[in-house]
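Tertiary structure, described
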Amino acid sequence: MSLPARSSTATLTARAVLFDMDGTLVDSTSIVEQVWTTFAGRYGLDIGEILRSSHGVQAMDTVRRFAPAGSDVHALAAELGRMELAETRGIVPVPGALELLASLPPDAVALVTSASRDLAEVRMAAAGIRVPAVSVMSEDVSQGKPHPEGYLRAASLLGVAPADAVIFEDAPAGIAAGIAAGIRTVAVGPNAGELPDDVLHISDYAEVTVTTHVTGAGVRTLLFTF
């Protein structure tokens with residue numbers, strides 16, 4: 001899917017930035033598709049349907065949805081998790097992600113992912129990206145995306161109100177979570193699906209710049225230009 005060219009520059013300001021991982025900071029598409037293709041083939045499932053609905057949500061939720069009745073969903077999810085942990089070939093940063101992260105104050109950044117902590121650490125390391133000090137993983141929430149719990153938790157940990165944060169997300173479930181949290185959400189890449197008119201859509205971070213400003217009262221703000 002190609003993205004339409006924007007006719008004008010867009011800007012937004014925030015005090016904190018919340019990033020999804022897979023498809024947003026890290027391109028792990030080949031591994032994700034390989035793991036779910038194995039799962040689908042074992043049970044004769046439609047891999048296309050699985051991939052359309054699994055992107056951006058916790059693996060356990062996908063297994064619960066598609067596994068045959070009577071399956072040990074916890075054992076299946078654990079098996080898939082081991083498969084993902086064992087493979088890092090082909091993992092790369094999304095274009096411009098390293099540069100954007102380097103331009104942001106570390107204490108204004110959080111990671112909010114549907115992956116486990118172990119998997120997030122493996123994939124971020126494979127892509128050469130440091131895991132932010134504030135990170136909300138699958139173990140840290142009771143409800144995964146599209147529920148807003150993870151994003152609201154991250155904003156709280158960074159000490160900002162939802163209205164003062166911005167989210168970068170690539171998947172419909174994560175975009176829905178951001179919108180439900182009341183946080184401005186920027187869609188990244190080709191898999192975002194249908195978007196509300198007020199959600200900005202970028203192909204990657206190559207043309208995103210950010211500058212940091214501090215007011216006379218000592219309040220730091222980040223100005224993003226797209």
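For the structure, check the block above.
Below is a short write-up of the structure.

Rules behind the numbers
Throughout, residues of each chain are indexed from 1 in the direction in which the sequence is written. Local features in this predicted model are restricted to residues whose pLDDT is 70 or higher, and side-chain atom pairs enter the listing and the counts only when it is 80 or higher, whereas totals over whole chains, interfaces and linings include all residues. Side-chain measures were taken over the full set of non-hydrogen atoms in the model, leaving aside hydrogen atoms and water. Counting from the N terminus, the helices are the DSSP runs of H or I reaching at least four residues and the strands are the DSSP runs of E reaching at least two. Contact criterion: two residues are considered in contact whenever any of their non-hydrogen atoms come within 4.5 Å of each other. In this analysis, rings of Phe, Tyr and Trp, with Trp reduced to its six-membered ring, are considered paired at centre separations within 6.5 Å, and the interplanar angle assigns stacked below 30 degrees, edge-to-face beyond 60, and tilted for intermediate values. Relative accessible area decides the class of each residue, using a 1.4 Å probe on protein chains only: under 20% of the type maximum gives buried, over 50% gives exposed, and in between gives partly exposed. Taken from the helix axis, the directions to the C-beta atoms give the arc we talk about. Every case where a carboxyl oxygen of Asp or Glu lies within 4 Å of a side-chain nitrogen of Lys or Arg is listed as a salt bridge.

A cis geometry characterises the amide bond from Lys-145 onward to Pro-146, with omega recorded as 20 degrees. Mapped onto the secondary structure, Pro-146 falls in the loop between strand E6 (134-136) and helix H7 (149-158).

With respect to the helices, strands and loops of the structure, Ala-187 is situated in strand E8 (residues 184-188). For Ala-187 and Phe-66, which are 121 residues apart along the polypeptide, the C-alpha to C-alpha distance reads 27 Å. Sequence-distant contacts of Ala-187, that is, excluding residues within four places in its chain, are made with Glu-169, Ile-175, Ala-192, Leu-195, Val-199, Leu-200, His-201 and Ile-202.

Under the definition given, this model contains eight aromatic pairs. Between Phe-19 and Phe-168, the aromatic rings sit 5.3 Å apart at their centres with planes inclined by 15 degrees, giving stacked as the arrangement. Taken together, the residues span a long stretch of sequence, with Phe-19 in strand E2 (residues 16-19) and Phe-168 in strand E7 (residues 165-169) at a distance of 149 residues. Both residues of the pair, Phe-19 and Phe-168, count as buried. Consider the rings of Phe-168 and Phe-226, whose centres lie 6.3 Å apart with planes at 45 degrees: the pair is tilted. Taken together, the residues span a long stretch of sequence, with Phe-168 in strand E7 and Phe-226 in the segment after strand E11 (220-225) at a distance of 58 residues. In this structure an aromatic cluster arises from ring pairing among Phe-19, Phe-168, Tyr-205, Phe-224 and Phe-226.

A few words on the side chain of Thr-24. Relative to the helices and strands, Thr-24 resides in the loop between E2 and strand E3 (26-27). Note on Thr-24: relative accessible area 0%, which makes it buried. For Thr-24, the residues in contact, after removing those within four places along its chain, are Phe-19, Val-94, Phe-168, Glu-169, Asp-170, Val-188 and Tyr-205.

So, on to helix H3 (residues 59-66). Within the span of H3, buried status applies to Met-60, Thr-62, Val-63 and Phe-66. Buried positions in H3, seen along its axis, are confined to an arc of 160 degrees and lie on one side of it. Where the residues of H3 are buried, they touch helix H1 (29-43), helix H2 (47-54) and helix H4 (73-86).

Here the focus is the pattern of salt bridges. Scanning the entire structure with this criterion turns up 10 salt bridges. Between Glu-79 and Arg-42 there is a salt bridge whose closest N-O contact spans 2.6 Å. You can see Glu-79 sitting in helix H4 and its partner Arg-42 sitting in helix H1, a full 37 residues away along the chain. The exposure class assigned to Glu-79 is partly exposed, which follows from its relative accessible area of 24%. What makes Arg-42 partly exposed here is its relative accessible area of 44%. A salt bridge links Asp-140 to Arg-117; the nearest nitrogen and oxygen atoms lie 3.0 Å apart. Taken together, the positions of Asp-140 in the loop between E6 and H7 and Arg-117 in helix H6 (residues 117-126) put the pair 23 residues apart, joining distant regions of the chain. On the basis of relative accessibility, which here comes to 27%, the residue Asp-140 falls in the partly exposed class. Take Arg-117: its relative accessible area is 30%, and that puts it in the partly exposed class. Via salt bridges that share partners, Asp-20, Lys-145 and Glu-169 belong to a single interconnected network.

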